Each structure stands twice: as structure tokens, then as C-alpha cells.
Amino acid sequence: MRRLLPFLLLWACLCAMWLLLVGGVSPGSLLLGAALAAGACWGYALLEPGRARLRRPLVAARLFLDVLADVIRSNVAVAGIILRPGRADRRAGFVRIPLALRAPGGLAVLACILTAAPGTAWVEYDSATGVLLLHILDLVEEETWVRTVKDRYERPLLEIFA
Amino acid sequence: MTPLEQLPAWAAVPAALLLLAGAAMTLLGSIGLLRLGGFYERVHAPTLGTSAGIACVLLASMLVFSVLQSRPVLHELLVGLAVIVTTPVTLMLLARAALYRDRQEADATVPARQPDAPAAGPPAAPLAAPLAAPSAGPGKEPPAGDAASAAP
Amino acid sequence: MSATLLAGAILASGVMIALAMACATLRLLRGPRAQDRVLALDALYVNGMLLLLVFGIRSGTTLYFEAALVIALLGFVATAALAKFLMRGEVIE
């Protein structure tokens, strides 16, 4: 029991997924979902995953809202770039960002954020040096992008995946 | 005729707007896929469809079915979740594959592979500096011993 | 009134997504490199999934939703395998 306790969140998420897939809450589907989720968690525990520890739900909520706003903003920006292709001052390029974040879960979330926002693409991460190579569609100033990634995304992630 | 006629106006109008917005963003993304030059610029284009396009269409679908069946229909969230989780993986893999292939062909427009800090001689100081441009920076002079990225 | 509006919107968005699929197909045919084609194929998958969702709203059944979910997952597997292939020239190793 104690070994399965860390997977309580995963179990609850899998149950919720099952109920969404079935499309209704009935005693039968609840029972089957609970059993399936328990089996899946057990199988996951057998894979011996590293333990990810999540903290600071408030920071996570604020990060989510920030990311939502950024995704909407960059969608509009990239749509503008596609509509007006011949802009002379637009320059695309690569940026290297040294990351302090080493937790695999945090890096995965950072990858999701940077890829979900149009205009930034995750190209390469060197786990030995912790340097991330990004491609940016509208590279006005590298320093701004480095600051954005580090202050806006990496710092909350460091707190969450402490 | 269709069940859509039972839909009240307060649900039909937002659903119509959301559908149009989502489809327009998807179309823009695909036009970008066609118009932008170079692979690394084109990587950005389909994300319009996978972020705004998917979100708008799924919201419209959730709205329409929830009102039609007069209960919350949320299973579209699963499609959204699948797309959010899988898109970074595919795009990252593709970008890495493209980078690998370009380096194999010694393409000077992509940044060279950084030497492993402990193995190769150069100090770690330039690692922290952001790369100025694709052609500038460490890309110009491939470090010795890095055969994959050595320019001809 | 609102029903015709929604029907028109569904038709228009279907046409737009079909056009998007055409753009992606054009990129798929044009290349110029293999990674461009794989990227276009991925976009084609996503656009096809969106088209299915729009069809689902039009027909009022949730049946299309499951097809869309399957396409989303299959598209992911296909693109991941193709990217792996581009990386090493082989899928199984």
C-alpha cells in the first residue's frame, strides 16, 4: 500500500480518463475504471520510474495561466508573420539557453510549453551540459528570449519540481 | 432534418464562431507550412493548428454536444490531452532528426554540435553565451575531433 | 436562423480545413527534403482529425470523436517512427 501511495494522483487521473471515455458516471463504470487504473498504476510502478515530486500548486496554476496567455499571443503573432511573409526585419534563428532545470518532469513540461507556443521550437537538449537549443521564428533580440524562457517558465518549474 | 436545428441560438452562435476561428487558424498554419522557407521555419507553422485550431474546434464540439444532450460532454478533452502530450514529442524528434541530417551533410546554417565539456579541450565559458546567428558563433569553426560537423 | 448560421459555419470550416489539407499535401509532394515531407504528413494527420471532429458536430453523433482519437494516436506513432527512421535510417534496431 505504501508503495502504491505515490501513484494516487496518477490513479485519479486514469480514473477520470476512463469516465470521460465512457461518457458517464455509473457504479459499473466507476468500479471498472478504478480496477483498470489500479492495474495500470501497478504496471507503471513495475517500470520503476523515478519519483517526480510536485509542489506549489499555486505556482503551477499561475504558470498555467501565463502559458495560456502566451500561447494565444504567439498564435496571433505567428499568424501575422504567415500573412505578411515579406517583412524584412524578421529574422529566424537558433538560440542557446543554459538551463538550471534538471528534473526530467520539469524538462518535459518545459518542452510541452515551448512546443505548444507557436514561434518557438525545441531543437536539442544536451543533458551533459544542460544547454537547450531553441529555434525561434521571430528572433528580435536573443537576450529577451533567454530572459523570457528563464524567468517566465524555468523559475516556476524549478519551484514546482523542486 | 439534422439535430443541430434544436440547438438554441446562444449556443449555436459561439459554436459557429469557434469553428470558424479554429478552421481559419488551421488553414493559416498549413499555408505557413507551404510559404515559409526552410525546414526550421516550417516547424513552427503546424503548431497553429495543434494549439489554437484544435482548442477552438474542441470547445465548439463540447459546447454543441453538451447542449444537445443536456449534460456535460467532455470527452473531447481526451483528444486535446493526446494532442498536447504528443505534439512536442513528434516535433522534437523531427527537429532533432533534421538537425542530425543537416550536420551529417555539414550544413553551415545549423549550429554545430557542442563538444562535450569534460572530454574536449575548450572551456565551458562559451557554452553559456547565447548563439548570435545560425552562421556565427561556434558554428563557424567546428571544434577539432568533431568529425560529424566538420566543414568541407 | 441560428441553425443555418451554424450549418454555414460548419460548411465553411470544413472547406477551410480541406484547403489546409491540400496545402499540407502540396508540401508533402514538394519536399524538398524528407523531414519536410514527414512534417507535412504530421500536419495532414492533425488536419484530418479536425475535419472528422467537424463532421461529428455536423452529424450530431459522437461516433466521429473516437475515430479522431484513434487518428491522433496513430499519427503520433507514425510520425515518431518516421522521425526515428530519418535519424538512423532504420526503425528497428
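Just so we're clear, the structure is a prediction, and the values are computed from it rather than from any experiment.

The rules behind these values
- Numbers given for residues are sequential positions, taken from 1 along each chain in its written order.
- Each chain is given a letter, starting from A, and each ligand a number, starting from 1, according to the order in which they appear as written.
- Per-residue local features are limited, in this predicted model, to residues with pLDDT of at least 70; the limit for side-chain atom pairs, both in listing and counting, is 80 or more; totals at the level of whole chains, interfaces and linings are taken over all residues.
- Excluding hydrogens and water, the side-chain figures rest on all heavy atoms present in the structure.
- Segments assigned H or I by DSSP are reported as helices when at least four residues long, segments assigned E as strands when at least two residues long, and all are numbered from the N terminus.
- Put simply, the radius of gyration uses C-alpha atoms, and a globule should come to 2.2 Å times the residue count raised to 0.38.
- Residue burial is assigned from relative accessible area. The probe radius is 1.4 Å, only protein chains are included, and a residue is buried under 20% of its type maximum, exposed over 50%, and partly exposed in between.
- A pairing counts as a salt bridge when a side-chain nitrogen of Lys or Arg comes within 4 Å of a carboxyl oxygen of Asp or Glu.
- Buriedness for pockets is judged along seven lines, at least five of which must meet protein on both sides within 12 Å for an open set on the 1 Å grid over protein atoms alone, while cavities are sets there where a 1.4 Å probe fits but cannot get out, and lining residues have an atom within 4 Å of a point.
- Grid points are joined across faces, edges and corners, and a volume is the space filled by probe spheres set on the points.
- Polarity classes work like this: nonpolar for Ala, Val, Leu, Ile, Met, Phe, Trp, Tyr, Cys and Pro, charged for Asp, Glu, Lys and Arg, and polar for all others, with Gly in that last group.
- Boundaries of every domain are those given by an automatic assignment or by a domain database.
- At least two DSSP bridges between two strands are needed for those strands to be called paired.
- UniProt positions are given in the numbering used here, feature names are shortened, and annotations may be inferred rather than shown by experiment.

1. A closer look at the overall build of chain A
Helix and strand counts for chain A stand at 5 helices and 3 strands. Reading the secondary structure of chain A in the N-to-C direction produces α-α-α-β-α-β-β-α. In terms of overall size, chain A is more extended than a compact globule, its C-alpha atoms giving a radius of gyration of 20 Å where 162 residues would be expected to give roughly 15 Å. Each principal axis of the C-alpha distribution contributes one length, and for chain A these read about 60 × 35 × 25 Å. Taken over 162 residues, chain A has a buried fraction of 39%.

2. What about the pattern of salt bridges?
Residues and elements named next belong to chain A. Per the stated rule, a full pass over the model turns up 10 salt bridges over all chains. A salt bridge links R147 to D151, with the nearest nitrogen and oxygen atoms 3.3 Å apart. Of this pair, R147 and D151 both sit in helix α5 (residues 142–160), separated by 4 residues, roughly a single helical turn. Overall, D151 belongs to the partly exposed group, its relative accessible area being 33%. With a shortest N-O distance of 2.9 Å, K150 and E154 are connected by a salt bridge. One end of the pair is K150 and the other is E154, both in helix α5 and 4 residues apart, which spans about a single turn. Comparing K150 with E154 shows no difference in burial state: the two are buried. Beyond isolated ion pairs, a larger network of salt bridges with shared partners links D66, D70, R73 and R152.

3. With respect to the layout of surface pockets
Residue and element names in this part refer to chain A. Volume-wise, the second largest pocket comes out at about 440 Å³. Forming the walls of the second largest pocket are 20 residues, and the residues nearest its centre are D70, S74, P118, T120 and W145. Of all the elements, helix α3 (residues 57–83) adds the most residues to the lining of the second largest pocket, at 6 residues. Considering only residue class, the lining of the second largest pocket consists of 11 nonpolar, 5 polar and 4 charged.

4. Focus: the domain arrangement of chain A
Each assigned domain of chain A is listed with its residue range as follows: domain 1 (5–46) and domain 2 (57–160). Placing a centre on the C-alpha atoms of domain 1 of chain A and another on those of domain 2 of chain A gives a separation of 33 Å.

5. Structural notes on the pairing of strand β2 (residues 120–126) of chain A
All names here are of chain A. Bridge count for β2 against strand β3 (residues 131–136) is 6 bridges, and the pairing is antiparallel. Counterpart to E124 in the pairing with β3 is L133. Between β2 and β3, which pair antiparallel one after the other, the connecting turn spans 4 residues, and G130 there sits at a positive phi close to 75°.

6. With respect to the UniProt feature "transmembrane region" (unreviewed entry) in chain A
This chain's UniProt record puts "transmembrane region" (unreviewed entry) on residues 104–123 of chain A. End C-alpha to end C-alpha, residues 104–123 of chain A measures 17 Å, and it is 65% helix and 20% strand.

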